[in-house]
Amino acid sequence: MTHAPPETASPDRILTGVVLMLGFCVTAPLLDVAAKLASSSVPVGQITAARFVVQCLLMAPVVWMMGLTLRVARGQLLALVLRAVFLLVSTFCFIAAIRVMPLADALAIAFIAPFIVLLIGKYYLGEDVGPRRVGAAIVGFVGVLFVIQPSFAAFGALSLFPLGTAVAFALYILVTRGLSRRVHPVTLQFHTGLFASLMCLPVLMLAEGTGSLLLDPVWPQDIAWLWLFGVGFFAALSHMMMTYALSLAPSATLAPMQYLELPMATLLGYLVFADFPNRLSLAGIVIIIAAGLYMIHRERVTARQSHSAQVIPPI
C-alpha cells in the first residue's frame with residue numbers, strides 16, 4: 001500500500017518491518033475467527049458492517065492525534081469510493097464463505113488475488129509480465145480447483161464465494177496502487193471504513209424484517225458483541241501493521257511472509273472449530289503457496305535485471 005523503502009534501509013528498520021508483517025500474519029486470521037464465531041447468530045451483512053464501522057471509529061482518533069487532514073481531492077473521491085466498494089464486496093463474500101467452510105480452504109482460494117492482479121496487469125493494463133509469471137498464475141488457479149472441488153461437493157455454490165473475494169480484492173489492490181501515492185495510509189484506512197459504512201448501513205435498514213439470512217439485522221446477544229468488535233478491531237490492527245511494515249522494509253522481503261497467514265488460519269481453524277482441510281484441499285493449498293512464492297521470485301529476478309540494465313551502461 002505504500003512505497004517500498006530504498007535498498008539502503010537500516011537493518012533495524014527492516015527487522016521492525018519483518019516483525020510487523022509477522023504480526024499481520026497472526027492478527028489477520030483472528031479477524032476471520034471472530035467473523036466465523038459471530039456468523040452463528042449474526043447475519044453476514046451485519047458482520048460486514050460491523051467490520052467497517054468499528055474500523056472507522058478506531059481510526060478517527062488516530063487521524064486526529066496524527067494531525068492528518070480528512071479533506072478529499074475531487075479527483076480522488078471516485079477512487080476512494082471504488083476502493084471501499086471492492087473491499088466491501090470482498091469482505092462480504094469471504095464472511096459468507098467461512099460461515100460453512102474451513103478458514104484455510106476459503107483463505108487459500110482468496111489467495112489467488114495476486115494472480116488475478118498479474119493477469120489484469122498484463123492483458124488489460126499492458127504491463128510487462130513474462131511467460132513464467134503467467135505460468136505461475138495458471139498453476140495457482142489449478143491449485144484453487146483442488147481446493148474448490150471437495151468444498152463444492154460439501155457446501156455447494158457457497159464454496160465459490162471466495163472467488164468473489166479474490167476478484168474484488170484484486171480490484172481493490174489495483175485501486176490502492178494509485179491512491180497510496182497520494183493519500184496517507186491512515187487516512188486511507190479511515191475513508192475506506194467511512195465510505196463502506198455509509199454503504200452498508202442503509203442496506204441493512206432496508207433489509208430489516210425481510211427474513212434474509214444474509215442481510216436481515218438482529219440484536220446481537222451476549223458475547224456476539226465481542227465477536228463483532230473483534231472483526232473491526234483485528235481488521236484495523238492487521239492492516240495498519242501491514243501498511244507500516246511495507247513502509248519500513250522492502251516489499252520483496254515481506255511479500256513471501258504473507259503466505260504464513262495460511263498455516264496460521266489452518267491452526268486457528270483446527271483449534272477453535274475443529275476444521276482441517278482434507279488431503280485434496282491441502283494439496284491445493286501447497287500448490288497455491290508454491291506458485292505464489294515462485295511468482296514473487298520471478299518478480300525479484302525481473303527487478304534485478306531491470307536495475308542492472310539501468311545501472312550498467314552497454315558495452
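All residue numbers refer to position in the chain's written sequence, counted from 1. Given that this is a predicted model, residues contribute local features only at a pLDDT of at least 70 and side-chain atom pairs are listed and counted only at 80 or more, while totals for whole chains, interfaces and linings are drawn from all residues. To obtain the side-chain values, all non-hydrogen atoms of the structure were included, while hydrogens and water were left out.

S.K.: What's the story with the overall build of the chain in this structure? I'm lost.
M.R.: In this text, helices come from DSSP runs of H or I with a minimum length of four residues, and strands from runs of E with a minimum of two, each type numbered from the N-terminal end. Along the chain, the regular secondary structure elements total 12 helices and zero strands. Here the term buried applies to any residue with accessible area under 20% of the maximum for its type, exposed to any over 50%, and partly exposed to those in between, with areas from a 1.4 Å probe on protein chains only. Per-residue burial over the chain gives 48% buried out of 315 residues. In the chain, once contacts between residues fewer than 6 apart in sequence are set aside, the share between residues at least 24 apart is 87%. It only takes one pair of heavy atoms within 4.5 Å for two residues to be counted as in contact.

S.K.: Before we go on, may I ask you to explain the packing of helix α2 (residues 44-65) against helix α3 (residues 74-98) in this structure?
M.R.: A pair of packed helices is captured by two measures, namely the crossing angle of their axes and the spacing between those axes. Axis definition: a line fit to C-alpha positions, over the contact stretch in the case of helices; interaxial angles, taken between N-to-C directions, run 0 to 180 degrees. Where α2 meets α3, the axes come as close as 9 Å, and the angle between the chain directions of the two elements is 135°. When the axes of α2 and α3 are compared, the pair comes out oblique. Crossing of α2 over α3 shows right-handed handedness. Contacts between α2 and α3 involve Val 44, Gly 45, Ile 47, Thr 48, Arg 51 and Phe 52 from the first element and Leu 87, Leu 88, Thr 91, Phe 92, Ile 95 and Ala 96 from the second. Under the convention adopted here, Pro, Cys and the residues Ala, Val, Leu, Ile, Met, Phe, Trp and Tyr are nonpolar, Asp, Glu, Lys and Arg are charged, and Gly plus all remaining residues are polar. Class assignment of the residues belonging to the contact of α2 with α3 gives a composition of eight nonpolar, three polar and one charged. Angular relationships are summarised with four words: roughly parallel below 35 degrees, roughly antiparallel beyond 145, roughly perpendicular across 65 to 115, and oblique for the angles in between. In a left-handed crossing the near helix is turned counterclockwise from the far helix by less than a right angle, and in a right-handed crossing that turn is clockwise.

S.K.: Looking at this structure, how should I read the packing of aromatic side chains?
M.R.: For any pair of aromatic rings, the description consists of the separation of the ring centres together with the inter-plane angle of the planes. Pairing of aromatic side chains requires ring centres within 6.5 Å, counting the rings of Phe and Tyr and the six-membered ring of Trp. Pairs whose planes differ by under 30 degrees are stacked, by over 60 edge-to-face, and all others tilted. All told, the structure shown has six aromatic pairs when counted by the stated rule. Their ring planes at 75° and their centres at 5.2 Å tell us that Trp 219 and Trp 225 sit as a pair that is edge-to-face. For Trp 225, a relative accessible area of 42% corresponds to the partly exposed category. Following the ring pairs from residue to residue traces out a cluster consisting of Phe 229, Phe 233 and Phe 234. Positioned above the aromatic ring of Phe 273 is the side chain of Lys 36, whose terminal nitrogen or guanidinium carbon lies 5.3 Å from the ring centre. The rule for a charge over a ring is simple: NZ of Lys or CZ of Arg within 6 Å of the ring centre, and within 35 degrees of the ring normal.

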